[in-house]
Amino acid sequence: MTKTDNAAKKVILVVEDLPFDAEFTLQALEKFEGRFDVDVARDGWDALVLMKQRHFDLILMDLKMPRMDGFETMILMRGYQLQHEVPLIILTNSDLDADRERARTLGAVDYVHKSGDLAGFRSALQAAVEKHMRA
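Reading the values: the criteria
- Residues numbered from 1 in each chain as written.
- Predicted model: local features only at pLDDT ≥ 70, side-chain atom pairs only at ≥ 80, totals over all residues.
- Heavy atoms only, no water.
- Helix = DSSP H or I, 4+ residues; strand = E, 2+ residues; numbered from the N terminus.
- Rg over C-alpha atoms; globule rule 2.2 N^0.38 Å.
- Buried < 20%, exposed > 50% of the residue type's maximum accessible area, 1.4 Å probe, protein only.
- Contact = heavy atoms within 4.5 Å.
- Lys, Arg positive; Asp, Glu negative; His and termini not counted.
- Charge placed at Lys NZ, Arg CZ, Asp CG, Glu CD.
- Pairing = 2+ DSSP bridges.
- Right-handed = clockwise from strand over helix to strand, strands pointing away.
- Salt bridge = Lys/Arg side-chain N within 4 Å of Asp/Glu carboxyl O.
- Phe/Tyr/Trp six-rings, centres within 6.5 Å; stacked < 30°, edge-to-face > 60°.

For the chain, the count of helices and strands is 5 helices and 5 strands. For the chain, the N- to C-terminal ordering of α and β elements is β-α-β-α-β-α-β-α-β-α. Taken against the 2.2 N^0.38 rule, which gives 14 Å for 135 residues, the C-alpha radius of gyration of the chain at 14 Å falls within 12% of a compact globule. Each of the three principal axes of the chain carries a C-alpha extent, and together these read 40 × 35 × 25 Å. Buried residues in the chain amount to 48% of all 135 residues. When contacts within the chain are restricted to residue pairs at least 6 apart in sequence, those whose partners lie at least 24 apart make up 66%. Computed over 18 positive and 23 negative side-chain charges, the inter-centroid distance for the chain is 4 Å.

Right, let's talk about unusual backbone geometry for a bit. A negative phi holds for most residues other than glycine; trans holds for most peptide bonds. One non-glycine residue, arginine 67, lies in the positive phi region at around 65°. Structurally, the position occupied by arginine 67 is in the loop between strand 3 (58–61) and helix 3 (70–79). With a relative accessible area of 59%, arginine 67 lands in the exposed category. The backbone phi angle of glutamine 81 is positive, close to 55°, even though this residue is not glycine.

Attention now goes to the pairing of strand 5 (residues 110–113). In terms of strand pairing, strand 4 (residues 88–92) meets strand 5 through 4 bridges, oriented parallel. Within strand 5, the residue paired with leucine 91 across the bridge is valine 112. Considered for its hand, the β-α-β crossover made up of strand 4, helix 4 (residues 97–105) and strand 5 is right-handed.

As a further point, take the pattern of salt bridges. One pass over the structure, following the stated rule, counts 9 salt bridges. Among the salt bridges present, the one from aspartate 39 reaches arginine 54, with a minimum N-O distance of 2.9 Å. Linking aspartate 39 in strand 2 (residues 36–41) with arginine 54 in the loop between helix 2 (44–53) and strand 3, this pair joins segments that are 15 residues apart in sequence. For arginine 54, a relative accessible area of 22% gives the class partly exposed. A salt bridge links aspartate 43 to arginine 67, with the shortest nitrogen-to-oxygen separation between them at 2.8 Å. Placement of the pair is aspartate 43 in the loop between strand 2 and helix 2 and arginine 67 in the loop between strand 3 and helix 3, with a sequence separation of 24 residues. We classify aspartate 43 as buried; its relative accessible area is 5%. Look at the salt bridges and you will find they share partners, linking Glu16, Asp21, Asp62 and Lys114 into a network.

Now for the packing of aromatic side chains. Enumeration according to the criterion identifies 3 aromatic pairs in this entry. Seen in terms of ring centroids, phenylalanine 32 and phenylalanine 36 are 5.5 Å apart; in terms of plane orientation they differ by 35°. Their pairing is tilted. Summarising the burial analysis for this pair, phenylalanine 32 and phenylalanine 36 share the class buried.

Let's shift gears to helix 1 (residues 19–29). Burial in helix 1 covers these residues: Asp21, Ala22, Phe24, Thr25, Leu26, Ala28 and Leu29. On its buried face, helix 1 is in contact with strand 1 (10–15), strand 2, strand 3, strand 4 and helix 5 (118–132).

Okay, structure coming up:
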């Protein structure tokens, strides 16, 4: 997926520290090629920096990351009112109900499990993006 500064396109921020998971997420988003651009941040700290520089229409974020995890990132982005109105979808390996509930409490609109079933992950991610991407 190419990055451009085309103001007419919607922009998604993917926050993912693992290169394989980031690449697979980008591949799943290829279904929407041409509809929007994608920026990638390797952890929550980098995501906050990008959020200060550019408006995003959707944020896809992992929970378990170095330096600053997804929970801390959500607390800071909402506290500093960075992209607070933007739908945020969690992408995680965690099946814990406590993580799911905490993510929702912090403002996540959806929770997609990164299971070993790559086709299932791709399908779930694409459905969540369709559901939450603003027209």
